[in-house]
Amino acid sequence: MYPIKVSFLAFALLLPSLGGCDSTTPQEHVARAEQNLATNDLRTAVIELKNALQKQPDLASARLLLGEAHARLGDYPSALKEFERALDLGIDDQRLKVDLLAAKVRVGRYQEVIGELADAGALPKPLAVVLADAYLAGGDAGRARVLYQQAPQLAGANLGLARIAWSEGDAERAGHYFDQAVTLDENSVDAWLAKAEFELSQHTLDAAAQSFERASALPAGDLSGALGLARVSLLQGDLTAAGERIRNVLKRAPRLPVAQYLDGLIRFQQGDLDGAEAAIRNVQSVMPDHAPSLYLMGAIKYREGQLAQAEDNLQRFLARDKRNESAAKVLASVRLEQGDFEGVADVLEPLVAVTADPQLLAIYGSAQLRLGHTDVATSALERAVALAPDMAPFRNQLALSLLAAGDQGRAEAELETAIAVDESQFQSEYLMALLRIRERDWAGAEAAVASLLAKEPNSAVGLNLRGAVALGRQDAEAAQRDFRAALAADPTFLPAVQNLATLAERNGDSAGAARLYQDLLDNDPDNEGALLSLADLMLRERKSDAAVRYLETAAGANGQSVRARLGLARLYLASNRVDDATRVLEEALAVAPDLPDLNLLKAETLLRSGDTAAAQAIATELQSALGRREANGPLYLALGSLQARVGQRTLARSNLNRALELSDGSSVPALRALTRLDLGERNVGAAQSRLDALRKLGDSGPEFSLLAADVQLAGGDRAGAAAAYRELASEGVRDGVMRSAAMALGSGDADAAATVLQRWLEDHPQDAGADLLLADAFLRQDDKAAALQRYERLAASGNPVVLNNLAWLYMERGDDRAVATARQAVAAAPDSPAVLDTLGWILVQQNSTEEGLQVLTRSVQLGPDNPSVRYHLAVAQRAAGQHDAARDNLRQALAAGAFPESEAAQQLLDALSAG
């Protein structure tokens, strides 16, 4: 290495800094600090005092002054530490006592102060104010007031009285005392800041700005004052000034949470959602439960369309402030978009009785209307209209509620008033036109549409409505012209596309209908409504694979789409794609966790996966929620059907009968479900009576035919049922395929079963249930190679039956994977005697006798009536030398009658008896 060369000039420049040490005495540092304190230069005073204490740590006067400087800067923990050190160093006067106890109050140790001063008798006025502060911190305003009144000439007493008057709602007295406080001590940061906050609460923004300015000019109030001024600018709507003030604060204190929060609030109001989120995440990284940040993050996520995250943040905020109407409205809006109308009602219910917010009442009323609670909805919307009579949208909602309640006259009156109070909006004319169309009053509808189009001649909504009126008049040509004019005005206007597509379908042009939706998607590829409509069209055309593709596209393009995922789950389940259905349901439940339709389908996936207990838990939760809902026939029907399948038969029958009552006895699905419930209880007569009632209602189609065949089978007509199942299978009905195959297997005709199942699987290769039944058919044909291939393909599902049978086949082939596969089956079904038997028998065959004996013993305990398992246990017991136990199990097995291993069991018993 080369030596570093420094020029003589550079070296000379360094010499002054290498001179003699600082000769200032500690006392001189203290004297300078006193001058700094007198001129309010607090930070310089702190430096001087720390220099003094570095040279003389036990200098009591420096400790006292440093505590005072920290207190005036608002750093009360540091102040308290210095005051206590000054006390330890021998200073014991009233000045120190007042400062020390005041610092204790500020750090939350007010009970100590009360304990020391409460029984001390008459106190000097400064100490009386400190004790009053302690009482006020503890919530005892009465005692605090008496003590404050003893010291009217002290700023602290006036500040305390101001706070008490403010809390009592006496703004006039509070303002007087705040003025007195800052007059008596114009350097009191606390007084200026408290006065500014009071003035903010009174909406005297100019006065608040002046008070924050005075606070910001003081050393301890520079940041708080600047933050306050930013808040004033926000309330004045001056986002530019507010943003500039916050940026200046963040330059000096970049991690200050309140500054980060205000920065996020300003950015949110400016529409900078990414910047707002980044700022609030900074706050939440250090203060995860900061309530204002939870509220703001909820609002940000709502604006971004991330509804699940919005709901989480808003729920956490409302857990701390249940009466916050603003946050409750945002959460209600989130749930409205999720279609969770019951959730909207739940969050707003506690506020409805006391609120004077018409928007909150309108949201609540709209949700109740969607839930079918028309009386509750009408009451809330009437209050909203009374509070805001000039708000036409509230009158429109009220009109809808009145229509739902059957009060058409009042509904029309509300719409007419809405048009009168706000001629610029056309929703009222739109609703009036719909009302006239519903009445088939084509002249009235034309007049309403004409009024609408006079305001907006190129309105796609108006042109589409005019087409609907023309269609009502049987003028299809004029209707098509108007629908196409609506599309010319807005190529992505879905209702016009749907109307044109409906006309095309009526004319037998399904391809033309599909092209209309495709044209819209060319302009708006992610349009959820168009994709869902195309999926429905494909289902009507019996093109379920195409419907799945459109729904998958809709779900992929719309992360919050519950409708697309609900449709997908139903189609996946129709082809028994349980894993795919489970996946999309979990995605949908993350968005709308309380939606009954989603939970009912979730229960279906659990049932198909064999988890009846989890499905029962969902049924129980839905039953408990049922009481919070108004009579809803479809929900009673769906829940009753689920309960019948999970063994809750009493509840099932009650809910199904309720669904039937709500339909005046005409609900075909409810009658079908009750018929199945009767079949499950072996009440064939009742099932047959219900079947006759279904015929009278004109029920027909594959589901009715399947039910009729099931009743035939239960009544003993096996040949008739088998013929009906075969017919359904030939029509492509899955349940017909499965029942036909099962009956064939039951009668020993494995070839027929395999044929029908293979034909089905050619078109539905992902149907795991059919695949499993086909593997069983192959086993019965003794085609173990084909069965093995099927089971291996199904093994990834984790189905214990698949794994059990696969392990057995591996054992028979001498495949080393037998034990591992059997262990997987036991892990999936640990209490299944058959599965345990397979593992135990494989272990015995592989000479793992001790473990095999344990597993087989457990199998017999769980299924003592299976003679094959007792035989396997006896073989293990013989290998372990337990001959008496083996003989006992063999006798019990043989006493049960013939079984596959009967001959081998008898031979083994004979051998053991001879031995």
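Thresholds applied
- Residues numbered from 1 in each chain as written.
- Predicted model: local features only at pLDDT ≥ 70, side-chain atom pairs only at ≥ 80, totals over all residues.
- Heavy atoms only, no water.
- Helix = DSSP H or I, 4+ residues; strand = E, 2+ residues; numbered from the N terminus.
- Rg over C-alpha atoms; globule rule 2.2 N^0.38 Å.
- Buried < 20%, exposed > 50% of the residue type's maximum accessible area, 1.4 Å probe, protein only.
- Contact = heavy atoms within 4.5 Å.
- 1 Å grid on protein atoms, 1.4 Å probe; cavity = no way out; pocket = protein on both sides within 12 Å on 5 of 7 lines; lining within 4 Å.
- Points joined across faces, edges and corners; volume = space filled by probe spheres on them.
- Nonpolar A, V, L, I, M, F, W, Y, C, P; charged D, E, K, R; others polar.
- Core = buried A, V, L, I, M, F, W, Y, C linked by side-chain atoms within 4.5 Å.
- Axes fitted to C-alpha atoms, helices over the stretch in contact; angles between N-to-C directions.
- Parallel < 35°, antiparallel > 145°, perpendicular 65-115°, else oblique.
- Left-handed = near helix turned anticlockwise from the far one by under 90°.
- Expected span 1.5 Å × (residues − 1).
- Phe/Tyr/Trp six-rings, centres within 6.5 Å; stacked < 30°, edge-to-face > 60°.

### Observations regarding the overall build of the protein chain
Link 1 in the chain: Looking only at helices and strands, one finds 54 helices and zero strands in the protein chain.
Link 2 in the chain: Its C-alpha radius of gyration of 41 Å places the protein chain more than 25% over the 29 Å reference for a compact globule of 915 residues.
Link 3 in the chain: Judged by the C-alpha coordinates and their principal axes, the protein chain covers about 110 × 100 × 75 Å.
Link 4 in the chain: Taken over 915 residues, the protein chain has a buried fraction of 48%.
Link 5 in the chain: Sequence separation of 24 or more characterises 45% of the internal contacts of the protein chain that already satisfy a separation of 6 or more.

### Some details on the layout of surface pockets
Rolling a probe over the atoms, with the probe sized like a water molecule, indicates the empty space that remains.
Link 1 in the chain: The volume enclosed by the second largest pocket comes to roughly 1,200 Å³.
Link 2 in the chain: Lining the second largest pocket are 43 residues, and of these Tyr76, Arg106, Asp185, Ser188 and Asp190 lie nearest its centre.
Link 3 in the chain: Among the secondary structure elements, those contributing two or more residues to the lining of the second largest pocket are helix 4 (60-72), helix 5 (76-88), helix 6 (94-106), helix 8 (125-137), helix 10 (155-167), helix 11 (171-184) and helix 12 (189-201).
Link 4 in the chain: Counting residues per element, the lining of the second largest pocket draws most heavily on helix 6, at seven residues.
Link 5 in the chain: Of the residues in the lining of the second largest pocket, the class split is 27 nonpolar, seven polar and nine charged.

### Observations regarding the nonpolar core
Link 1 in the chain: Core analysis: the biggest nonpolar cluster contains 104 residues, and Leu318, Val347, Leu348, Tyr517, Leu568 and Leu598 have the highest contact counts within it.
Link 2 in the chain: Per-element accounting of this core gives the leading share, eight residues, to helix 34 (residues 562-574).
Link 3 in the chain: Apart from the residues lying within four places of it in its own chain, the contact partners of Leu598 are Val562, Leu566, Leu585, Ala588, Leu589 and Ala592.
Link 4 in the chain: Grouped together as the second largest cluster of nonpolar side chains are 62 residues, Val737, Leu809, Ala818 and Leu853 included.

### Things to note about the environment of Phe83
Link 1 in the chain: Among the structural elements, Phe83 can be located in helix 5.
Link 2 in the chain: Considered as a pair, Phe83 and Leu96 are 13 residues apart in the sequence and their alpha carbons are 6.9 Å apart.
Link 3 in the chain: In contact with Phe83, other than residues within four places in its own chain, are Leu64, Gly67, Glu68, Leu96, Asp99, Leu100 and Ala103.

### Considerations on the packing of helix 40 (residues 668-680) against helix 41 (residues 684-696)
Link 1 in the chain: Here helix 40 crosses helix 41 at 160 degrees, and the two axes come no closer than 8 Å. On the basis of their axis angle, the class for helix 40 and helix 41 is roughly antiparallel. The way helix 40 lies across helix 41 gives a crossing that is left-handed. Where helix 40 abuts helix 41, its residues Val668, Leu671, Arg672, Leu674, Thr675, Asp678 and Leu679 lie against Ala686, Ala687, Arg690, Leu691, Ala693 and Leu694.
Link 2 in the chain: When the residues that make up the contact of helix 40 with helix 41 are grouped by side-chain class, the tally is nine nonpolar, one polar and three charged.

### What to know about helix 4
Link 1 in the chain: Over its 13 residues, helix 4 extends 19 Å from the first C-alpha to the last, a length consistent with the 18 Å expected when each residue adds 1.5 Å.
Link 2 in the chain: All of the buried residues along helix 4 are Ala60, Ala62, Arg63, Leu64, Leu65, Leu66, Gly67, Glu68, Ala69, His70 and Ala71.
Link 3 in the chain: Positive backbone phi, approximately 85 degrees, marks Gly74, located one or two places after helix 4.

### Comments concerning the packing of aromatic side chains
Link 1 in the chain: In total, this model carries five aromatic pairs according to the counting rule given.
Link 2 in the chain: An angle of 75 degrees between the planes, with centres 6.1 Å apart, marks the rings of Trp166 and Phe178 as edge-to-face. Residue Trp166 is located in helix 10, and its partner Phe178 is located in helix 11; the two are separated by 12 residues in the primary sequence.
Link 3 in the chain: Classification of Trp166 as partly exposed rests on a relative accessible area of 30%.
Link 4 in the chain: On the basis of an interplanar angle of 35 degrees and a centroid distance of 5.2 Å, the ring pair of Phe178 and Phe198 is categorised as tilted. Taken together, the residues Phe178 in helix 11 and Phe198 in helix 12 connect sequence positions 20 residues apart. Like Phe178, the residue Phe198 is buried in the burial classification.
Link 5 in the chain: The structure contains a cluster of three or more aromatic residues connected by ring pairs, namely Trp166, Phe178 and Phe198.

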